[in-house]
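Notes for the structure review
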Amino acid sequence: MIIGPADALLVIDPQNDFCEGGALAVAGGAWIMPLINQLAERFDKVIATQDWHTSDQISFASNHPGATPFTEIEVAYGRQMLWPDHCLQGSAGADFHPDVKPTIDRALAVVRKGYNPAVDSYSGFFENDRQTRTGLAGLLRDLGVQRVFLAGLAFDYCVRFTAEDAVREGFEAIVITDASRAIAPDTEAAAHDSFRARGVTEIEAATLLA
């Protein structure tokens, strides 16, 4: 597969809290960082996203007495999964994983999301209210991007919703499956099903690195 000037790599939340030892660790999260670096070398346009939460984030179970992580509650914009506290602004957990530093150093921009305490944000394009934009779509259009490739964490949440919103915004979206990792098997399977239904393509990194 040939990468051209209308292509961009979106590196989704490659942060310490989503890697081994982090507050919301995804199994194998740290393992994909060297692969992301290899992929990023093929792209002129690389953009990263970064979870950037305040301590009073609505999606933190600690802010709901009696609630436990990985359960859902009803909020103003619909159902919301509750998570352990993670990626607090300025914390070591919110920092990018050190093994992905070469990619971050090359990134044209870092899009921070989830900093509104009243709304969580999975997608790099929209907060979870599905109305509030992050500005990523406009940035990509200004750069002349038509096709986005996605890698990072976690496959079944932030990668998934970013890919689906990319299609919603008129971009072709391709998820690099082995450069991503999922939180849970059931939500991983749901992401695969949703990608097929919404026109998101899945490939392996070797397709780009060969």
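Keep in mind that this is a model prediction, so the values were computed, not measured. (Residues numbered from 1 in each chain as written. Predicted model: local features only at pLDDT ≥ 70, side-chain atom pairs only at ≥ 80, totals over all residues. Heavy atoms only, no water.)

1. Re the sheet that holds strand 7 (residues 172-181)
Strand-to-strand pairing in sheets goes through backbone hydrogen bonds, with the strands running parallel or antiparallel. Note the following rule: Between any two strands, at least two bridges found by DSSP are needed for them to pair. The numbering of helices and of strands both runs from the N terminus, where a helix is a DSSP run of H or I of at least 4 residues and a strand a run of E of at least 2. Axes here mean lines fitted to C-alpha atoms, for a helix over just the part in contact, with angles spanning 0 to 180 degrees between N-to-C directions.
Overall, parallel pairing links the six strands, which are arranged 5-2-1-6-7-8 in an open sheet. Two strands close off the open sheet at either side, each with one partner strand: strand 5 (109-113) and strand 8 (201-203). Ignoring strand direction, the axes of neighbouring strands in this sheet form an average angle of 25 degrees. As paired elements, strand 6 (residues 147-153) and strand 7 share six bridges and run parallel to each other.

2. With respect to the pairing of strand 2 (residues 46-51)
It is a general feature of regular strands that their side chains alternate between the two faces of the sheet. Applicable threshold: Three exposure classes are used, based on accessible area relative to the maximum for each residue type with a 1.4 Å probe and protein chains only: buried under 20%, partly exposed in between, and exposed over 50%. With its strands directed away from the observer, a crossover is right-handed exactly when the path from the first strand over the helix to the second travels clockwise.
Extensive coverage of strand 2 is indicated by the burial of six of its six residues. Side chains Val46, Ala48 and Gln50 of strand 2 all project onto a buried face; the interleaved residues Ile47, Thr49 and Asp51 project onto the opposite face, where all are buried too. Two elements, strand 1 (residues 7-12) and strand 2, share four bridges in a ladder whose sense is parallel. Residue pairing for strand 2: Ile12 is matched across the bridge by Thr49. Taking the sense of rotation as the criterion, the β-α-β connection linking strand 1, helix 1 (residues 33-40) and strand 2 turns out right-handed. Pairing of strand 2 with strand 5 involves five bridges; the strand directions are parallel. Note on strand 5: the bridge partner recorded for Ala48 is Val110.

3. Side note on the UniProt feature "domain: Isochorismatase-like" (unreviewed entry) in the chain
We apply this condition: UniProt positions are given in the numbering used here, feature names are shortened, and annotations may be inferred rather than shown by experiment.
Under the UniProt annotation, "domain: Isochorismatase-like" (unreviewed entry) lies at residues 8-204. End C-alpha to end C-alpha, residues 8-204 measures 16 Å, and it is 25% helix and 22% strand.

4. Examining the pattern of salt bridges
Selection rule: Throughout this description, the term salt bridge denotes a Lys or Arg side-chain nitrogen within 4 Å of a carboxyl oxygen of Asp or Glu.
Per the stated rule, a full pass over the model turns up 13 salt bridges. For Asp105, the salt bridge goes to Lys101, with nearest N and O atoms at 2.7 Å. Separated by four residues within a single helix, Asp105 and Lys101 lie in helix 2 (residues 101-106), roughly one turn from each other. A salt bridge links Asp193 to Arg196, with the nearest nitrogen and oxygen atoms 2.3 Å apart. On the criterion of helical spacing, the pair formed by Asp193 and Arg196 is a turn pair, its members being three residues apart in helix 5 (residues 185-198). What makes Asp193 partly exposed here is its relative accessible area of 44%. With a relative accessible area of 58%, Arg196 lands in the exposed category. A single salt-bridge network, built from bridges that share partners, covers Asp13, Asp51 and Lys113.

5. Looking at helix 5
What counts here: To estimate how far a helix should extend, the number of its residues minus one is multiplied by 1.5 Å. Starting at the helix axis, one direction is taken to each C-beta atom, and the arc is that of these directions. Contacts were defined at the residue level, with two residues in contact if any of their heavy atoms lie within 4.5 Å.
Under the 1.5 Å per step criterion, the end-to-end length of helix 5 is 20 Å for 14 residues, consistent within 8% with the ideal 20 Å. Among all positions in helix 5, only Thr187, Ala191, Ser194 and Phe195 are buried. The buried residues of helix 5 occupy one face: seen down the axis, they fall within an arc of 105 degrees. Relative to its buried face, helix 5 has exposed residues pointing more than 90 degrees away, namely Pro185, Asp186, Arg196 and Ala197. Looking at the buried positions of helix 5, the neighbouring elements they touch are helix 4 (155-168), strand 7 and strand 8. Backbone geometry just downstream of helix 5 places Gly199 in the positive-phi region, at approximately 85 degrees.

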